[in-house]
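So you can see what is in the structure, the chains are spelled out below.
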Protein chains: 2
Amino acid sequence: MAEHTFSISELAREFDVTTRTIRFYEDQGLLEPQRAGQRRIYSRRDRVRLMLILRGKRIGLSLLEIRELFDLYDAASNDEPQLREFIRILSRKEQQLQEQLDDIRVVLGEIGQIRSQCEKALGKQAV
Amino acid sequence: MAEHTFSISELAREFDVTTRTIRFYEDQGLLEPQRAGQRRIYSRRDRVRLMLILRGKRIGLSLLEIRELFDLYDAASNDEPQLREFIRILSRKEQQLQEQLDDIRVVLGEIGQIRSQCEKALGKQAV
DNA sequence: ATTGACGTTGACGTAAACGTCAAGTTATTG
DNA sequence: CAATAACTTGACGTTTACGTCAACGTCAAT
């Protein structure tokens, strides 16, 4: 079965990051593509890793935290305590996001008030 | 009516930031406390501003964005287009947060799978 | 054989958000 | 009055996450 692989710029295009970024992630131990001579060859697994990195960033993880999660996950497959640790970290992150969401609801509520005040101020003239 | 004021370290303690941080926010045009000689005197309004700054940070705004929102808000009180812009920016942020939440739900879903796999692997022995 | 696209490794630069002195000022208190 | 605490400005340091060259390798196509 012919394993599909990717070049660095293919991945860069697909995920809208620069090649520099991808190499940087490798530098940080987040990716370990194979080589064909000098050239980097990315497997499906590498591609998934990149997806996970970017998702991690979107939920506010630092690259170091992502790295630690990868390491934990790799080591955790057969180790329950580490898996629990893994889950605990993510639960904590979930709670942080929940707080963020609460914050933004507050902000949006305030905005609503401001808006209605403004519309009242502008009055019946030319809204 | 005696306006209650605050020293820099009072605010620092209350919000668990350093005085350096508060001065830095002033440097960035986010706060403009009065002075008694050299000393900074923070009013209730300044305190509210600081709360807003920290809340803004929690929802992922940069200090620059917060600054722009303050400026917009100050200028917007009587100007509808700017108010709409103000609201638009926050709506965009709300959407980003929503995406973050979706991301984390995905992650947590995956975690659930991994956990159950792990428990299955550990089997009936000593879970 | 040369051009062009793509890739490579350094090395240095940058922006954000503070931390960390240093060196001086002001206020209070024993 | 001297010590101490709290405050000030200013300058330089730090971390994260890349951007930006420079200088070179490689491979396919003309």
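Just so you know, these numbers come straight off a predicted model, no measurement behind them.

### Observations regarding the UniProt feature "domain: HTH merR-type" (unreviewed entry) in chain A
Item 1. Here the UniProt-annotated "domain: HTH merR-type" (unreviewed entry) positions come out as residues 5-72 of chain A.
Item 2. The span residues 5-72 of chain A carries 62% helix and 9% strand; its end-to-end C-alpha distance comes to 26 Å.

### Examining the domain arrangement of chain A
Item 1. Domain annotation of chain A identifies domain 1 (1-59) and domain 2 (78-127).
Item 2. One C-alpha centre belongs to domain 1 of chain A, the other to domain 2 of chain A; they are set 32 Å apart.

### Considering the protein's contact with DNA strand C
Item 1. Close to DNA strand C lie 17 residues; A:S9, A:R40, B:T18, B:Y25 and B:K57 are nearest.
Item 2. For DNA strand C, the fraction of atoms within 4 Å of the protein that belong to sugar or phosphate moieties is 71%.
Item 3. A distance of 3.2 Å separates a phosphate oxygen of DNA strand C from a polar side-chain atom of A:R23.
Item 4. Contact distances for DNA strand C include 3.2 Å between a base oxygen and a side-chain N or O atom of B:R39.
Item 5. When contributions to the surface near DNA strand C are tallied by element, the ones reaching two or more residues are α1 (8-15) and β2 (39-41) of chain A together with α2 (19-27) of chain B.
Item 6. If you tally residues by element for the surface near DNA strand C, the top one is α2(B), at four residues.
Item 7. Taken together, the residues of the surface near DNA strand C break down into four nonpolar, six polar and seven charged.

### Quick word on the interface of chain B and chain A
Item 1. In this assembly, 30 residues from chain B lie in contact with 30 residues from chain A.
Item 2. Across the chain B to chain A interface the summed buried area is about 3100 Å²; carbon plus sulfur atoms make up 70%.
Item 3. Looking at the side of chain B facing chain A, the largest losses of area belong to B:R55, B:D103 and B:I104, adding up to 16% of the total buried there.
Item 4. Summed over the shared surface of chain B and chain A, the result is four salt bridges.
Item 5. A salt bridge links A:D103 to B:R58, with the shortest nitrogen-to-oxygen separation between them at 2.7 Å.
Item 6. For the pair chain B and chain A, the number of links is six residue pairs in polar contact (both at pLDDT 80 or more).
Item 7. Secondary-structure elements contributing two or more residues to the side of chain B that touches chain A are α3 (44-58) and α5 (80-122) of chain B.
Item 8. With 23 residues, the single largest contributor to the side of chain B that touches chain A is α5(B).
Item 9. A breakdown of the residues in the side of chain B that touches chain A according to their chemical character gives 19 nonpolar, one polar and 10 charged.

### As for the protein's contact with DNA strand D
Item 1. Taken together, 18 residues surround DNA strand D, and among them A:T18, A:Y25, A:K57, B:S9 and B:R40 come closest.
Item 2. Backbone atoms, meaning sugar and phosphate, form 64% of the atoms of DNA strand D found within 4 Å of the protein.
Item 3. The contact in question runs from a phosphate oxygen of DNA strand D to an N or O atom on the side chain of A:T21, over 3.3 Å.
Item 4. B:S7 places a side-chain nitrogen or oxygen 3.1 Å from a phosphate oxygen of DNA strand D.
Item 5. Put simply, the parts of the chain that give the surface near DNA strand D at least two residues each are α2 (19-27) of chain A together with α1 (8-15), α2 and β2 (39-41) of chain B.
Item 6. If one sorts the elements of the surface near DNA strand D by residue count, α2(A) sits on top with four residues.

What counts and what doesn't
Residue positions are given per chain, counting from 1 as you read along its sequence in written order. A letter from A marks each chain and a number from 1 marks each ligand, given out in the order of writing. It should be noted that, the model being predicted, local features are given only for residues of pLDDT at least 70 and side-chain atom pairs only at 80 or more, the latter also being counted only at that level, while totals for whole chains, interfaces and linings use all residues. For side-chain calculations, the full set of non-hydrogen atoms in the structure is used, while hydrogens and water are omitted. UniProt positions are given in the numbering used here, feature names are shortened, and annotations may be inferred rather than shown by experiment. Helix and strand assignments come from DSSP, with helices taken as H or I runs of at least 4 residues and strands as E runs of at least 2, each series counted from the N terminus. Bear in mind that the domain bounds are from an automatic or database domain assignment. Each residue is tested against the molecule or strand, and it is near if at least one of its non-hydrogen atoms lies within 4 Å. Think of a polar contact as two N or O atoms within 3.5 Å of one another; within protein, one of them needs to be a possible hydrogen donor and the other a possible acceptor, and neighboring residues in sequence only count if both atoms come from side chains. Think of it as three bins: nonpolar holds Ala, Val, Leu, Ile, Met, Phe, Trp, Tyr, Cys and Pro, charged holds Asp, Glu, Lys and Arg, and polar takes everything else, Gly as well. Only heavy atoms matter for contacts: two residues are in contact if any of them lie within 4.5 Å across the pair. Summed over both partners, the accessible area (1.4 Å probe) lost when two parts come together is defined as the buried area. Put simply, a salt bridge is a Lys or Arg side-chain nitrogen that is within 4 Å of an Asp or Glu carboxyl oxygen.

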